[in-house]
Amino acid sequence: MSLVIRNLQRAIPIRRAPLRRNVEIVRSILGVEKFDLGIIFLDNKNIQHINGIYRKKNVPTDVLSFPFHENLKPGEIPQPGFPDDYNLGDIFLGVEYIFQQCKENEDYYDILTVTATHGLCHLLGFTHNSEAEWQKMYLREKQVLEELSQRTGAQLQPLSRGLF
């Protein structure tokens, strides 16, 4: 199904094609290419506003995920009963924040891909509220990013390494 990428910010010039290419591969690796997915690029002000509303954290962040299917077990593929339910949800990327956090030797589009993959794992029920949950999420992200790296020649590592 469709992957919609919307750029709702002007702080950071951005090309959608590199991320689109990589996210399509990630969706295939995860087995969710039949599901709609939205990715929205935001600046610090707007991601901070949404973070404040939904997480009660009045600071900018890198990624916020809003699943269409709630209460999935980690890695569970939704089983829609209706065609309109073939939707994973939306991932909001704080592209200005991500750009500011990028280290000199890191490729910005690689970090966007890793961050979007992290958000996609959240849409599939993964969380990192405890060390056990983090380990499951980290391992899945690592597997997905290793396969993506093999297909693209990149060397991608999970976003949440060293979280616990």
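Rules used throughout
Residues numbered from 1 in each chain as written. Predicted model: local features only at pLDDT ≥ 70, side-chain atom pairs only at ≥ 80, totals over all residues. Heavy atoms only, no water. Buried < 20%, exposed > 50% of the residue type's maximum accessible area, 1.4 Å probe, protein only. Helix = DSSP H or I, 4+ residues; strand = E, 2+ residues; numbered from the N terminus. Pairing = 2+ DSSP bridges. Salt bridge = Lys/Arg side-chain N within 4 Å of Asp/Glu carboxyl O. Lys, Arg positive; Asp, Glu negative; His and termini not counted. Polar contact = N/O pair within 3.5 Å; in protein donor to acceptor, adjacent residues only side chain to side chain. Contact = heavy atoms within 4.5 Å.

1. Focus on the pairing of strand β4 (residues 87-94)
Looking along a regular strand, one sees side chains alternate from face to face of the sheet.
Line of reasoning, step 1. The buried count for β4 comes to seven of eight residues, which makes it a mostly enclosed element.
Line of reasoning, step 2. In this structure, strand β2 (residues 36-42) lies alongside β4, joined through seven bridges in parallel fashion. Bridged to F41 within β4 is L93.
Line of reasoning, step 3. Where strand β3 (residues 63-67) lies against β4, five bridges are found, and the strand directions are antiparallel. Residue pairing for β4: P67 is matched across the bridge by G89.

2. Thoughts on the pattern of salt bridges
Line of reasoning, step 1. Overall, the coordinates contain three salt bridges when judged by the stated rule.
Line of reasoning, step 2. Between K142 and E146 there is a salt bridge; the shortest N-O distance is 2.6 Å. Here K142 and its partner E146 are both found in helix α5 (residues 131-152), four residues apart, which amounts to about one turn of the helix.
Line of reasoning, step 3. Residue K142 is classed as partly exposed on the basis of its relative accessible area of 29%.
Line of reasoning, step 4. A residue is classified by how much of its surface remains accessible, and E146, at 40% relative accessible area, is partly exposed.

3. With respect to the side chain of E96
Line of reasoning, step 1. One can find E96 in helix α3 (residues 95-101).
Line of reasoning, step 2. For the buried E96, no salt bridge exists, and the shortest N-O distance to an oppositely charged side chain is 10 Å, to K45.
Line of reasoning, step 3. A polar side-chain atom of E96 sits 2.9 Å from the main-chain amide nitrogen of N44.
Line of reasoning, step 4. Not counting chain neighbours up to four residues away, the residues in contact with E96 comprise A11, I12, L42, D43 and N44.

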